[in-house]
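Residue-level structural notes
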Amino acid sequence: MVPLSWYLILSALLFATGAVGVFVKNNIISTLLCLELMLNAANLAFVAFSMFQGTIEGQLFVILVMAVAAAEAGVGLAIVIALFRNRETLDVDESSLLKL
């Protein structure tokens, strides 16, 4: 049986990788992918705690986080398409001015 600490270490590494990607990447799509990676890291921690406690609450939180991630992906990609149509670039620095 794998100890809980291994799951939490993996979750922390995934979350840190996503956080670094959010701050380093200049492409909006890469930033959205890094945000999804951070949400999946939180899901891994929820499932690990749920498994080791023998309850179902962590898995219910995972379903909620997955619903939020799906909504974020849909709205985020719609915003990316709108920005690309107006700016013709996916660079975060170009779109941060919010002037058309």
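Because the structure is a prediction, the values reported are computed rather than measured.

Here the UniProt feature "transmembrane region" (unreviewed entry) sits at residues 6–24, 31–52 and 58–84. Taken end to end, residues 31–52 has its terminal C-alpha atoms 32 Å apart, with 100% of it in helix and 0% in strand. Spanning residues 58–84, this segment combines 100% helix with 0% strand, and its end C-alpha atoms are found 38 Å apart.

This part takes up helix 3 (residues 57–87). The end-to-end C-alpha separation of helix 3 is 44 Å, in line with the 45 Å expected for 31 residues at 1.5 Å each. Residues of helix 3 that are buried: Gly58, Val62, Val65, Ala69, Gly76, Val80 and Leu83. Following helix 3 by one or two positions, glutamate 88 adopts a phi angle in the positive range, close to 60°.

Turning our eyes to something else, we now look at the packing of helix 1 (residues 4–24) against helix 2 (residues 28–53). Two elements in contact, helix 1 and helix 2, have axes separated by 8 Å at closest approach and are oriented at 165°. As judged from the angle between their axes, helix 1 and helix 2 are roughly antiparallel. Viewed along their axes, helix 1 and helix 2 form a crossing whose handedness is left-handed.

On the surface, Val2, Trp6, Ile9 and Leu13 cluster together to form a nonpolar patch covering roughly 430 Å² of accessible area. Here leucine 13 lies in helix 1.

So, on to the environment of asparagine 26. With respect to the helices and strands, the residue asparagine 26 is situated in the loop between helix 1 and helix 2. Sequence spacing of asparagine 26 and glycine 74 is 48 residues, and the spatial spacing of their C-alpha atoms is 20 Å. Once residues within four sequence positions are removed from consideration, asparagine 26 is found in contact with Leu90, Asp91, Val92 and Asp93.

Thresholds applied
Residues numbered from 1 in each chain as written. Predicted model: local features only at pLDDT ≥ 70, side-chain atom pairs only at ≥ 80, totals over all residues. Heavy atoms only, no water. UniProt positions renumbered as here; feature names shortened; annotations may be inferred. Helix = DSSP H or I, 4+ residues; strand = E, 2+ residues; numbered from the N terminus. Expected span 1.5 Å × (residues − 1). Buried < 20%, exposed > 50% of the residue type's maximum accessible area, 1.4 Å probe, protein only. Axes fitted to C-alpha atoms, helices over the stretch in contact; angles between N-to-C directions. Parallel < 35°, antiparallel > 145°, perpendicular 65-115°, else oblique. Left-handed = near helix turned anticlockwise from the far one by under 90°. Patch = residues over 30% accessible without salt bridge, like charges linked within 9 Å, V, L, I, M, F, W, Y side chains within 5 Å. Areas by Shrake-Rupley, 256 points an atom, 1.4 Å probe, with all protein chains shown as cover. Salt bridge = Lys/Arg side-chain N within 4 Å of Asp/Glu carboxyl O. Contact = heavy atoms within 4.5 Å.

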